[in-house]
Each structure stands twice: as C-alpha cells, then as structure tokens.
Amino acid sequence: MKYFIEVWGCQMNEHDAETLGGLIEKKGFTKADNYNDAQLIVLHTCCIRAKAEDKVIGRIGALSKLKKKRPEMIIAVGGCMTQQEEVAKYIEKRFDKVDIIYGTHNLNEFDNLLSTVMENKSQVKSISDADQMDIREYIPITRNDKLKAFVNIIYGCNNYCSYCIVPYVRGREKSREIAYIVEEVKELLDSGFKDITLLGQNVNSYGKDFKDETNFSMLLKELDRLGDYRLRFMSSHPRDFDLELVDTIKNTKNVCHQIHLPLQSGSDKIIKEMNRGYTKEHYLALTEYIYKVMPEATISTDIIVGFPGETENDFLDTMDVVENVGYDQAYMFMYSIREGTRAAKMENQVPEETKKERFHRLLELQKKKSLERNSEMQGKIYEVLVEGLGEKNRLTGRTRGNKVINFKGDISLEGELVMVKVTDYNTWSLYGELIGE
Ligand code: SF4
C-alpha cells in the first residue's frame, strides 16, 4: 500500500507532513511519488489565506471523482483548515468520499484514525479544541532531507496579531520539555544530519508556559553542547527577541548568525493596529544591535503591504526600515482579508490597485538591497554545506547565513562542509569557486 501527502503552508506544516509520514509508514505503507500510485492520499492544509483553502476544496473534488473509479482509495484532509469547525462540517457534509478529517493537534493520532477507517470502512473525524494540545513524544518521523532537519520546540501562539488566524487554529503556546528536544537533536546528529532548524510560530516564547527559568537562550546553550553542526530557528517575534538572546547567539559555536525577524510594517500606527507590540524605533535598535554584535549576520523578514488604514506615509515608514536594515531577503505579501480575524472587520481596507502599486515599489527596493548584500560577499570566503547538484550541474549549498551558493565540484562532496570564495552574484544567487579542494 502506498501513500502520498500534499502539504500547503509553512515550515510547521511541512514538518507535520514528515510526522504524518512516520505514522503512516508505521502502518506498513510506503511513499508514492504521486497521486496515481497512492492508495492513501493526505491533504495537509493551511488556512492563512482564503486562496489556499479554495485550492484544497478543488483538490478534494477531483479526488472524490477519482475515488469513484478507485473505491479502495482512502482520502484524508486535515490541519489548520479543518481545525475550523465550520470548514470541517462543510467538508464532512459535501464530500462523503473523504474518509478521515483531522485537526491540527490530531495528526498525532493519525495511525489510529487510519486503523479505524481500514477496519470499519466508515468516515472518521477527530478535531480537538485548539487549546487542548497533548504533546505526544517519540513519534516516528520520515525526514524529507538527509542533511537538514526540522525540530518542533513550541506549538501554538499567544500573540493574536490582528491579521492572523494561527492562534485560532493552532491554539495557545505549549513548549516541549528540553530533555525531549535534546534527545531528538542528538539522534539526528548521530544519524548524520548537519543542519537543524528549531520550529515554532514564535520560538522566542519557548519555555514561558513552564513558569520557571526555562527560556529560549537556555535551550540554545543546551543544544550548543551537542557537537559541531548548524543550528537555526524560526520564526521569531521582535517584541520577544531580547538582547540577551543576541548575545547568546553570538557566544555559541553552532547557532548560525541568520535571523528571520518579521517586521510586517514599519509604521507605529499600523504595528499597533496589527497588535504586534513593538515600535519602529525598537525594531531598528534591535537590528542595529544584531549587526553590531554579529556584523556578518544575515537578516530576513516578512512584510504585509496594504494593511487596513495604511496611508502613503505609513508605507514610507516600511520602506524606510527596509532601506535602513538592508535585508538579505524579504517575504512580501499584499494584505488579504482572512475571515475570523480582527483585521477582517476593520474599516479603511486599502484598494487592490494601491496595494499592487506599493507592493511593486517595495519589491524593487528589496531587490536593490538583496543585490547590495550579495555584492558585499564578492571575493570573500564562506563555509558552505554542500546539499547536492544545483543549476547547470554545479554543486549547490548554503552558507551559515543561509545564502544559496553555486560552484563547480564533484558530487562526492555532498554533505561536506567546504570553503567557497564568492566570484559572482545576482539578486537572488551567488556563484563561487572551491577553495583548497
Ligand atoms: S506571531 Fe502573530 S503572525 Fe505569527 S503566528 Fe502568532 S499571531 Fe500569527
């Protein structure tokens, strides 16, 4: 029996799909390369934007038709989209060919849900309250990569940014015990992984729910003792990113000086409306301190253009931060209404044309900054983890700053740390030559 998982959304969802894979393979299934070869098809969904949901509904419709020809197929739909009760009810009512409907916290019991369906041949639905997260440890995980791995450290989010649906579908913050995280990272290093990314909606809140001295800096120091490897983390929240953490990153040997720090907006008025809890000045002081302590650090961000009430001056504040910080990379989005969030009910929604026009100005500025950042790397030598073959049969890999670099070399170097001198660059890529090989 074979299975196929299609996943939408963020890194947390990608890693959820690895957990689902582990539970399904425990039941004797093996991975299929596509829908047509699979008896079990899982749609692991995202609901950050309405568009993502529309795609899933379309996919369910197509699979339901396919199942008429292949009645032995099992269709499962789950994750953030079905965590919303009204959506789960809609799928249950409209698509009787769907066999399993599960919530964000119920993927941990997927193996049991699958057994029930295979025995009873009837539809099962399991959706716990978003705030009732029971962390299940020692779940088998099928890793999609052999060098880089994700490790969950905290689930959910308490921030309730006014445009975001995540707290409603992933619930309140719940941290994993340090011992389990250390054990998982140790196992990964023992089995040859070289690049570990700690995952959470807001990793900087790690340990706060323990109500003791546990915090994110403490976890990083603990993990730093486990050997020589690359340790990364995402996502961070500027309000919870203190200077102690910057110093911790600086003083560890494994934590990469690569920071993803979502700004969303540079205008204090809009940041307040977004319920983000910091100011432009605070954000700039933080990035200034990061560059002072770690001059070679790379910083990336998320920005929303056209949030309700955003004026030209508010937008210029955002442009000013982008100009000032000089991000290596920015994920830029035009605000779109997400039903169920506070911002969806806000007045002064910005016209689409205005959003588009601002988005393109921001994109042009960021392209200029990315090019500037890459030009500063010209002629310098970087440690690169070789990930495999990239464009034009050259090797590709990443620096500790998570910058992609392409260079000539033998595939036998895959998985190795090599030194590469940057010889050329463009906005999104770097090119180099191997040093000393
Ligand atoms: S920090 Fe804000 S944007 Fe990020 S997941 Fe939490 S509520 Fe959403």
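Here the structure is a predicted model, which means the values were calculated and not measured.

Turning our attention to the overall build of the chain. The secondary structure content of the chain amounts to twelve helices and 19 strands. For the chain, the C-alpha radius of gyration of 23 Å lies close to 22 Å, the compact-globule estimate for 437 residues. Once the C-alpha set of the chain is aligned to its principal axes, its extents read approximately 65 × 55 × 50 Å. Looking at the 437 residues of the chain, the share that counts as buried comes to 55%. In the chain, the proportion of contacts linking residues at least 24 apart, taken out of those at least 6 apart, comes to 74%. For the chain, the exposed surface amounts to about 19500 Å²; the carbon and sulfur share of it is 50%.

Moving on: empty space enclosed by the protein. What the rule picks out here adds up to one cavity of 30 Å³ or more. Counted as a void, the largest cavity has a volume near 50 Å³. Met12, Asp16, Asn152, Ile154, Tyr155, Gly156, Arg170, Gly200 and Gln201 are the residues that line the largest cavity. Counting residues per element, the ones that place at least two in the lining of the largest cavity are α1 (11-26) and β8 (154-155).

Bringing the packing of helix α6 (residues 178-190) against helix α7 (residues 216-224) into the picture now. Direction vectors running N to C along α6 and α7 enclose 35°, while the axes themselves pass 10 Å from each other. In the packing of α6 onto α7, the handedness of the crossing is right-handed. Every residue of α7 that contacts α6 at Ile178, Ile181, Val182 and Val185 is listed here: Met218, Leu219, Glu222 and Leu223. Among the residues making up the contact of α6 with α7, the classes are represented as seven nonpolar, no polar and one charged.

Glancing now at the pairing of strand β13 (residues 298-305). Judged by how many residues are buried, β13 sits mostly within the fold: eight of eight residues are covered. Residues Thr298, Ser300, Asp302 and Ile304 of β13 are buried on one face, and the alternating residues Ile299, Thr301, Ile303 and Val305, pointing to the opposite face, are buried as well. The pairing of strand β12 (residues 258-260) with β13 spans three bridges and is classified as parallel. Bridge pairing in β13 links His260 to Ser300. Here β13 runs beside strand β14 (residues 329-334); their pairing, made up of six bridges, is parallel. Following the sheet pairing, Val305 is matched in β14 by Met334. With helix α11 (residues 312-325) bridging β13 and its parallel neighbour β14, the resulting β-α-β unit is right-handed.

Tallied over the entire structure, the rule returns 40 salt bridges. As a salt-bridge pair, Arg225 and Glu222 come within 3.1 Å of each other at their nearest N and O atoms. For Glu222, a relative accessible area of 30% translates into the label partly exposed. Linking Glu391 and Arg394 is a salt bridge whose minimum nitrogen-to-oxygen distance equals 3.8 Å. Judged by its relative accessible area of 34%, Glu391 falls in the partly exposed class. When salt bridges that share partners are traced, they join Glu310, Glu312, Glu357, Arg358 and Arg361 into one network.

Attention now goes to helix α8 (residues 243-251). When we look at burial in α8, the residues that qualify are Leu245, Val246, Thr248 and Ile249. Viewed end-on, α8 has its buried residues packed into an arc of 160°, placing them on one side of the element.

Ordered in space as β7-β10-β11, the three strands form an open sheet in which the pairing is parallel. At either margin of the open sheet sits one strand with a lone partner, and together these are β7 (148-152) and β11 (230-234). Ignoring which end each strand starts from, the neighbouring axes of this sheet average 25° apart. Sitting on the sheet, α6 is in contact with β7 and β10 (195-199), with an inclination near 170° to β7. Along the sheet face, α7 touches β10 and β11 and points at about 160° away from the line of β10.

With that out of the way, let us pick up the domain arrangement of the chain. Looking at the assigned domains, one finds that the chain contains domain 1 (2-132), domain 2 (148-375) and domain 3 (381-434). Every contact between the two is made by 19 residues of domain 1 and, on the other side, 18 residues of domain 2. Note on domain 1 versus domain 2: buried area summed over both sides is about 1700 Å², and carbon and sulfur give 57% of it. Summed over the shared surface of domain 1 and domain 2, the number is two salt bridges. Here Arg338 ties to Glu53 by a salt bridge, and the two come within 3.6 Å at their closest N and O atoms.

Empty space within the second largest pocket amounts to approximately 460 Å³. Of all the secondary structure elements, the ones that give two or more residues to the lining of the second largest pocket are α1 and α6. Residue contributions to the lining of the second largest pocket peak at five residues, all from α6. Considering only residue class, the lining of the second largest pocket consists of ten nonpolar, seven polar and nine charged.

Criteria and cut-off values
Residues numbered from 1 in each chain as written. Predicted model: local features only at pLDDT ≥ 70, side-chain atom pairs only at ≥ 80, totals over all residues. Heavy atoms only, no water. Helix = DSSP H or I, 4+ residues; strand = E, 2+ residues; numbered from the N terminus. Rg over C-alpha atoms; globule rule 2.2 N^0.38 Å. Buried < 20%, exposed > 50% of the residue type's maximum accessible area, 1.4 Å probe, protein only. Contact = heavy atoms within 4.5 Å. Areas by Shrake-Rupley, 256 points an atom, 1.4 Å probe, with all protein chains shown as cover. 1 Å grid on protein atoms, 1.4 Å probe; cavity = no way out; pocket = protein on both sides within 12 Å on 5 of 7 lines; lining within 4 Å. Points joined across faces, edges and corners; volume = space filled by probe spheres on them. Axes fitted to C-alpha atoms, helices over the stretch in contact; angles between N-to-C directions. Left-handed = near helix turned anticlockwise from the far one by under 90°. Nonpolar A, V, L, I, M, F, W, Y, C, P; charged D, E, K, R; others polar. Pairing = 2+ DSSP bridges. Right-handed = clockwise from strand over helix to strand, strands pointing away. Salt bridge = Lys/Arg side-chain N within 4 Å of Asp/Glu carboxyl O. Arc of directions from axis to C-beta. Domains from an automatic or database assignment. Buried area = accessible area lost by both parts, 1.4 Å probe.

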